[in-house]
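Geometric and topological summary
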Amino acid sequence: MPPAYALHRLLARTVLLLALAFVAWHGGAQASSGEQDVTLRAHYWVDPTGEAGIDTVAQAPATQFQPMEGHRTFKLGDGALWMRLDLPAMDPAQRWFLMLDSSAFTDHASFFQPRPGGGWREQRAGDHLAVSQWSNPDRSPVFALDDTSAPLSVWLRLDNKPAPLSPRTTLLSAADLQQKRSWTHLLVGVYLGFGLLVLFLGWVHARLYGDRAFVAYVVYVSCMLGFQVAFTGIGGLFFWPDWAWWNSAAPAVFMLWLTGSGIWFVREVCAISRHHRGLDRFALAWSVFGLLYPVAYLTLQSAAALAVLNLYGLLSVLLSIGLCLWAWRQGERYAGWMVLGFLPVHLGYPFPALRAAGVLSDSWGAQYAVLIGSAIEIPLLLYILHRRAKHFSENRARLRALDSTDPLTGLTIVPVLDLRLRDAIRRARRYGHHCALLLVELSNHADLRLRLGQDTGDRALVLAAARLTRVVRDVDTVCRVTDTRFAILVEGPQRPEHLKLLAQHIVAKGLEPASILPDDATLRFRLVSTLLPADREIAAEEEERVESRRALQRLHRALDQLADEPRKAVWHLPREQPVNPALAGTPGQGGAVGQPLPGAAPR
C-alpha cells in the first residue's frame, strides 16, 4: 500500500471516529436524567455601578427584579448582573451542583447561599481568578449546594467586560456532573491528540518538502488547538491553573493569532506574491495585524476594541475566501480546494462570533461549532497540502531531469555521456578489460518526416530511443548526440563477438512493427562500433576525456563514410592502433577507419 494512500485512510478513519464521538458526546450529555436548565426560573437585576453587595441586593424589593423570560445577552460594561434562583426541593441523598456553562465569557462569578445561622456562604469562580483558587475547580464555574431538602433561593453575581454576558445555569447531581465532565475531557482529549498527530505530520511534510506552506499550516493548527483549549476551559483547568491573567486573555489572543496565521497560510498556499505584489503585501500586513493586535486589545479592554476584534475575524473569513477564489481564477489549481478545506470552520465560525458580539445567547452550538468544524478541517487541509506538495515535487523532479536528459526522448545528454565514458575508460584500463562504444543512426528519419510529417518523425525518434534502451542493460548508457544519432556506452568487460551480436540485435529491433507508426514504416538503424580503451600506450598527461572525445569523433567519421554504402548497416572498427608513434596523440590518424572487419557483412 502506498504511504500516501495509507495516510489518507488514516485521516479519513480518524475524522469518522471524531464525528461519531461528538455525536455520542452530545447524546450522552443530553441523556442525563437529573440535569435541569434553571436559567428561566431566575429573576435578574443589573447593577450599573457593580458596587452593590449581597446584603443590599437581598434586601431589595421584589419589584426591582425582572423575570428571565428567555435566554438573552447582557452588555454590562462596568456593571454586574445579579440573578436570584428559586430552586425546588431535591433529593437530599445526592449532592447537587449549579453549573455556569460559559467559562470564556465570565470575568467574575460569585455564588451566595444563606447559612442556617445567618449570613452568606460565598463561592467564587471566573476567568479573572486562577482556576486553582476557584471554590470548585473545573472547566466552567461550578457551585455546590449545601441544603437541598427544602426549596431554596440562591444568588449569583456575574460580570464581564467588554464582551456581553449570556448566562446559562444548569442544576445537576454529582453523578451527572461527573458524567458530563468525563465526556467533555474524553472528547476534547481525543481532539487534542488528533490535532497533535496532524501537527506532527505537518512538520514532517515541512521538513520533507521544504515548503513554507506546511510551516504556515503548523502555525495555524497550533493556534487552533490553543484557541480550543482556552475557549473550552480545559486550558485553565490543566495547563495554566495558576495564571489568572492568561486565563482571561487566552481566548482573545489565540483567536487573533489563529485568524492572522490563517491568512498567512492562505497567502503561502495560493502563492499570492506570484500574481500580485500589492495584494501579497496587503495579506502579509493583515496577518501581522492579527499577531500584534492582542497587545492593544488587552491594554484597552473596551467595547471598541472588542468590535475591532470581531470585525477582524469576520473580514478575515471573507478575505480568505476571496483570496482563494481569486488565486484559483489566476490558475492556482489547489486554491479552489482550499475554499472547501476551510468550509467546516467557516460554517461554524458565526456561532461563537455572534455569541461574542451579543447577538446569540450561549448554547452548545456556540461553544463547540468551531471545535467540530476544525476537527474536520485540519485533516482536509493536510490532505490538500499533501497532494499539492506531491504535485509540485513531481514537477520539480521533471525540471531537474531536463538538466540531464533530452527533452524529446528522455535519454541522457552529451555531458553526462562524457562523464560516464571517461569513467568507463578509466575502469577498463585499471582492470584490464574493454568497454564498447556504439554510434547508431536512424537512417530513414528524413524519409519518414518528408512522407508522414514532423510529428511522425518525432515519434520515430522517441521509439528509436525506447528500443535502444531495451536492448542494453541498466548499467549501460544511451545518449542522443545529434538529431538522428545515438551513442551507446556498453560497460565492460566486452569482447568483439558480444559486440557483433548486440549490433545484429539493434538492427533487427528497429525492423519490428510499431503501433505508433504507420504499417509500412520501420526504423532502419545504421551503426558503427569500437572497443575502448585504445590498444596503445597512453601518455601520462593525456586524460580520459581526450580519448573519449577522439573515440566519438572517429565513430562519427566512420558513420559518415558508411552513409555512402546504402547496403551496409553495421561496421565494427578495430581498436585504435597508431602507425606512427609521433601521431599517437592526433585523432583520426590511427586504425583502419573505412576498412570493415572480416565478417562485417552488410545487414
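Residues numbered from 1 in each chain as written. Predicted model: local features only at pLDDT ≥ 70, side-chain atom pairs only at ≥ 80, totals over all residues. Heavy atoms only, no water.

A word on the overall build of the protein. When helices and strands are tallied, the protein shows 16 helices and 15 strands. At a minimum sequence separation of 6, the contacts of the protein that also span at least 24 residues come to 76%. If you sum the accessible surface of the protein, you get close to 28,300 Å²; carbon and sulfur atoms cover 58% of it. (Helix = DSSP H or I, 4+ residues; strand = E, 2+ residues; numbered from the N terminus. Contact = heavy atoms within 4.5 Å. Areas by Shrake-Rupley, 256 points an atom, 1.4 Å probe, with all protein chains shown as cover.)

Moving on, we come to the environment of Arg426. Following the sequence through the fold, Arg426 ends up in helix α12 (residues 414-431). Sequence separation of Arg426 and Glu544 is 118 residues, and the distance between their C-alpha atoms is 6.9 Å.

This part is about the nonpolar core. Of all hydrophobic cores here, the largest spans 71 residues; its most connected members are Tyr191, Tyr217, Met224, Phe265 and Met338. If near-sequence neighbours (up to four positions away) are discounted, Met338 is found in contact with Phe265, Val269, Cys324, Leu381 and Ile384. Among the nonpolar cores identified, the runner-up in size contains 32 residues, and Leu461, Ala465, Leu499 and Ile506 belong to it. (Core = buried A, V, L, I, M, F, W, Y, C linked by side-chain atoms within 4.5 Å. Buried < 20%, exposed > 50% of the residue type's maximum accessible area, 1.4 Å probe, protein only.)

Before going further, it helps to spend a moment on the pattern of salt bridges. A complete count under the given rule lists 23 salt bridges for this structure. The salt bridge partner of Arg388 is Asp211, with a shortest N-O separation of 2.8 Å. With a gap of 177 residues between them, Arg388 in helix α11 (residues 364-402) and Asp211 in the loop between α3 (174-209) and α4 (212-231) connect regions that are remote in the sequence. The same class applies to Arg388 as to Asp211, namely buried. Taking the shortest distance from any N to any O, the salt bridge between Arg212 and Glu268 comes out at 3.5 Å. Remark: Glu268 occurs in helix α6 (residues 244-270) and Arg212 occurs in helix α4; sequence separation between them is 56 residues. (Salt bridge = Lys/Arg side-chain N within 4 Å of Asp/Glu carboxyl O.)

What follows concerns the pairing of strand β13 (residues 485-490). Within β13, six of the six residues are buried, leaving the element largely enclosed by the surrounding structure. Both faces of β13 are covered, namely the face carrying Arg485, Ala487 and Leu489 and the face carrying Phe486, Ile488 and Val490. Here strand β12 (residues 477-480) pairs with β13 via four bridges, running antiparallel. Directly across from Thr477, in β13, lies its bridge partner Leu489. Here β12 folds back onto β13, and the loop between the two strands holds four residues. (Pairing = 2+ DSSP bridges.)

Turning next to the sheet that holds β12. What the five strands build is an open sheet, ordered β12-β13-β11-β14-β15; its pairing is mixed. Of all strands in the sheet, those bounded by a partner on one side alone are β12 and β15 (570-572). Averaged over all pairs of adjacent strands, the angle between their axes in this sheet comes to 15°, without regard to strand direction. Bridging between strand β14 (residues 525-532) and β15 involves three bridges; their strand directions are parallel. Bridge pairing in β15 links Leu527 to Val570. (Axes fitted to C-alpha atoms, helices over the stretch in contact; angles between N-to-C directions.)

Among all residues except glycine, the phi angle is most often negative; among peptide bonds, the trans geometry is most common. Between Lys161 and the following residue, Pro162, the backbone shows a cis peptide bond with an omega angle of 0°. Examined against the element boundaries, Pro162 turns out to sit in the loop between β9 (152-159) and β10 (169-173). Between Gly492 and the following residue, Pro493, the backbone shows a cis peptide bond with an omega angle of 5°. Within the secondary structure layout, Pro493 lies in the loop between β13 and α15 (496-510). The backbone of Ala271 shows a phi angle near 50°, a positive value even though the residue is not glycine.

This next bit is on the packing of aromatic side chains. Per the counting criterion, the structure on display carries 20 aromatic pairs. Ring centres of Phe65 and Trp155 lie 5.4 Å apart, and the angle between their planes is 55°; on these two criteria the pair is classed as tilted. Separated by 90 residues along the polypeptide, Phe65 in the loop between α2 (54-58) and β3 (66-67) and Trp155 in strand β9 bring together distant segments of the chain. We note that Phe65, like Trp155, is buried. Here Tyr293 and Tyr297 contribute two aromatic rings whose centre-to-centre distance is 6.5 Å and whose plane-to-plane angle is 45°, an arrangement assigned as tilted. Separated by four residues within a single helix, Tyr293 and Tyr297 lie in helix α7 (residues 277-300), roughly one turn from each other. With a relative accessible area of 9%, Tyr293 lands in the buried category. (Phe/Tyr/Trp six-rings, centres within 6.5 Å; stacked < 30°, edge-to-face > 60°.)

It is worth spelling out the packing of helix α14 (residues 454-471) against α15 at this point. Relative orientation of the contacting elements α14 and α15 amounts to 145°, with a least axis distance of 10 Å. Between α14 and α15 lies a crossing of right-handed hand. In contact with Arg467, Leu468, Arg470 and Val471 of α14, α15 contributes Leu502, His505, Ile506, Lys509 and Gly510. For the contact of α14 with α15, the class distribution of residues is four nonpolar, two polar and three charged. (Left-handed = near helix turned anticlockwise from the far one by under 90°. Nonpolar A, V, L, I, M, F, W, Y, C, P; charged D, E, K, R; others polar.)

Let's shift gears to the side chain of Thr530. As for its position among the elements, Thr530 is in strand β14. According to the relative accessible area criterion, Thr530 is buried, its value standing at 2%. Separated by 3.5 Å, the side chains of Thr530 and Arg554 make a polar contact. A distance of 3.4 Å separates a polar side-chain atom of Thr530 from the backbone oxygen of Pro574. (Polar contact = N/O pair within 3.5 Å; in protein donor to acceptor, adjacent residues only side chain to side chain.)

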